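Notes for the structure review
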Amino acid sequence: MLELNYDNIVSNEWNEKEAEELITVLIDKLNYHSDLYYNKDNPEITDYEYDRMMKSLIYLEDKFPSLKRKDSPSSRVGGAALSKFEQYTHERPMLSLSNVFSEGEIRDFDRRVRESASGRVNYVVEFKIDGLSVGLTYRDGYLDVAATRGDGYVGENVTANIKTIKSIPIKIDEEREVVVRGEVYISKENFENINAYQEEHNLQIYANPRNLAAGSLRQLDSKLTAKRPLDIFIFNLENIEELGIERHSDSFEYLKKLGFTVSEDYKLCESIEEVIDHINYWTEHRGELGFDIDGMVIKIDSIAQREELGFTAKSPRWATAYKFPAEKKKTKLKDIVVEVGRTGTITPTAILEPVRLAGTIVSRATLHNEDYIAERDIRIGDMVIVQKAGEIIPQILEVSKEDRKGDEKEFTMPKTCPVCGEETVRIEGEAAVKCINISCPAQIRRGIIHFVSRDAMDIEGMGESTITTLLTLKIIEKIEDLYYMDPEKIIPIKGMGEKSVDNLMKSLEKSKKNELWRLLNGLGIKFVGIKGAKQLAANFNNLDEIMSADREELLKIDDFGEVMSDSVVKFFKEKKNIETIEKLREAGLNFESDHEKYNDIEKIFDKMKIVLTGTLPTMKRNEAKELIEARGGKATSSVSKSTTFVLAGEEAGSKLDKALKLGVKVIDEDTFKAMLDLRKQAEVEDMLK
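A brief report on the enclosed structure follows. Note that the coordinates shown come from a computational prediction; the quantities given were computed from them, not determined experimentally.

Brief notes about the nonpolar core
- Grouped together as the largest cluster of nonpolar side chains are 51 residues, with contacts concentrated most on Tyr-483, Leu-519, Leu-536, Leu-543 and Phe-572.
- Of all the secondary-structure elements, those providing two or more residues to this core are helix 13 (441-451), helix 14 (464-472), helix 16 (497-511), helix 17 (516-522), helix 18 (530-539), helix 19 (543-548), helix 21 (562-571) and helix 22 (575-587).
- Two domains each donate at least three residues to this core, and these are domain 4 (441-512) and domain 5 (516-597).
- If near-sequence neighbours (up to four positions away) are discounted, Leu-536 is found in contact with Leu-520, Val-528, Ile-546, Leu-554, Ile-557, Phe-560 and Val-568.

Take a look at the structure:
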């Protein structure tokens, strides 16, 4: 398959049909990676790869304007705000920057600027700090509100947490409104100290400073945030024109005078050659800094010239960001070990000579499967080139074959499972080698972890370490044992105690009443995720009907193809799975489907975008969301012009304000309940008039 990067996209000629297919793939990938980066703080690819993918999409949309979709991420900024904090609408949009990746693209930016700006152009070049962007608003000399960037228009109100950062002044000597933008981060030294403590106490090791900073700032309890050594660099005075400051470089002096911390290593450049020299220097020396940067920012110094150039819908024309290519290092591959996953897949992992890469020490890298190893001719003892995908996941790019000495060893996947000793197989058409023994202890552990997870049975207090301990002590041996545990055997376990065990048993009891789709997802049927589990629950009355369904019945379900249908039939024919289900039945788990939520419901909200906000008088938010989705609607997290209506309760906050500002229809719970009794979408539309 064609690699979806800018060079490959622009070097080929595409007809409209091909372009449409590529655009669909690019949008899906960009939305997926954007959600991982902005909302989950868990990126899988580098910023460089993401930005090149975005550039590919923009190229195709420019070439085929009629194919540009309304939901294209090219017209969006950042990711949507999370629901766990009050949302805050920025008075001044916190736009993102365009990106450049080479000296030639820097010069192209300079040329466009000089063609549009009057007079001599000077630039300020700054570090692009790898942290979490926030906006701070000061009114009457005091910090009034602090919010994350979110989607650029609506972010999360994190004022209480921001106030715990010692380098942020709570009061400034300025009565006028001051709005600044900065980047919250954790220094390399503090990050290493925290991870050393975590490792010493057998706690979670953090992937990199950015993730730790983002997670710390998003703590619901500000006391926990206060315990983390967060810091901030203020890099922009957002309302600079209102304060009478004429140059960006002068704003740094003003900000320092007010008590803000700014990066001292910014440079005022009179030519693009100076800009490029400064960038080249820090490309080579960025590792010497006490904090992580992932690029350099170039801004026009003159505020008057900035006003001349203005903005696009997505970013300012007077600034751009040069993004560093992913950092690569050479190290030795000392060994290859294998691990067994929940579905029996055996995954090889490289054990590396530890090397510092993108801010952390790397000693392991995934090798995916035996084809990946063979294609790259990776051998034990090789010197290999390593980088991090998304600055997070270490991966081996290539082997340095010129360093081979002849004593390197070829690797072969094990013929037997390293955990249970059963013979392994490679199914035709698949790359993975698997252990197909469903009683394999490694698969059982992974299966139980999945069963109790938030997206399945959602059993609080049942983490991975607890499951491992229960399995080691043979208190449980399989999924169904969770509901037959003797609390008296758990209380003596270190770290548990009566209160913890009591809460755990209550959570297990509560889970018995879960909707059927949660149980179906928790059982871990291959190829059937959350959506597939919900579809099964929507199309059958109970689990027994699903278990007896044949291939033809399953194929009638929307989006159920041959692979999924065959997998469901096969799963419910396995003796071991039937035994597990019968034990869960005896334990009292719900096997019935609630068809009020799934079947015989008119799609009165079909293709409607509905936003929930505030506390409803009688309904929980999740309940209202499920009622909307069962009727074909989509419950979205932020208000826009495309929102059909907003369902608002008490303390609705900024979402309600934005809806009123945009003229979006707002309804209360009583109106919503009346809608649920309607049979046609046209009747809903009449109610909204």
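Points about the sheet that holds strand 22 (residues 634-636)
- The four strands lie next to each other as 22-21-23-24, forming an open sheet whose pairing is parallel. This sheet does not close on itself; its edge strands, each paired only once, are strand 22 and strand 24 (665-667). Pairwise comparison of adjacent strand axes, ignoring direction, gives a mean angle of 35° for this sheet.
- In this structure, strand 21 (residues 609-613) lies alongside strand 22, joined through three bridges in parallel fashion. Of the residues in strand 22, the one forming a bridge with Ile-610 is Ala-635.
- Sheet strands in contact with helix 23 (residues 621-630) are strand 21, strand 22 and strand 23 (645-648), and its direction is about 170° off that of strand 21.

With respect to the packing of aromatic side chains
- Tallied over the full model, the rule gives 15 aromatic pairs.
- Through successive ring pairs, a cluster of aromatic residues spans Phe-127, Tyr-185, Phe-233, Tyr-281, Trp-282 and Phe-291.
- Between Lys-534 and the ring centre of Trp-517, over which it is positioned, the NZ or CZ distance is 4.7 Å.

A closer look at helix 22
- Over its 13 residues, helix 22 extends 19 Å from the first C-alpha to the last, a length consistent with the 18 Å expected when each residue adds 1.5 Å.
- Looking at helix 22, one finds that the buried residues are Asn-577, Thr-580, Ile-581, Leu-584 and Ala-587. The buried residues of helix 22 all sit within an arc of 115° when viewed along its axis, so they share a single face. For helix 22, the exposed residues set more than 90 degrees away from the buried face come down to Lys-575 and Glu-586.

What counts, and where the lines are drawn
Residues numbered from 1 in each chain as written. Predicted model: local features only at pLDDT ≥ 70, side-chain atom pairs only at ≥ 80, totals over all residues. Heavy atoms only, no water. Core = buried A, V, L, I, M, F, W, Y, C linked by side-chain atoms within 4.5 Å. Buried < 20%, exposed > 50% of the residue type's maximum accessible area, 1.4 Å probe, protein only. Helix = DSSP H or I, 4+ residues; strand = E, 2+ residues; numbered from the N terminus. Domains from an automatic or database assignment. Contact = heavy atoms within 4.5 Å. Pairing = 2+ DSSP bridges. Axes fitted to C-alpha atoms, helices over the stretch in contact; angles between N-to-C directions. Phe/Tyr/Trp six-rings, centres within 6.5 Å; stacked < 30°, edge-to-face > 60°. Lys NZ or Arg CZ within 6 Å of the ring centre and 35° of its normal. Expected span 1.5 Å × (residues − 1). Arc of directions from axis to C-beta.

Keep in mind these values describe shape, not function.
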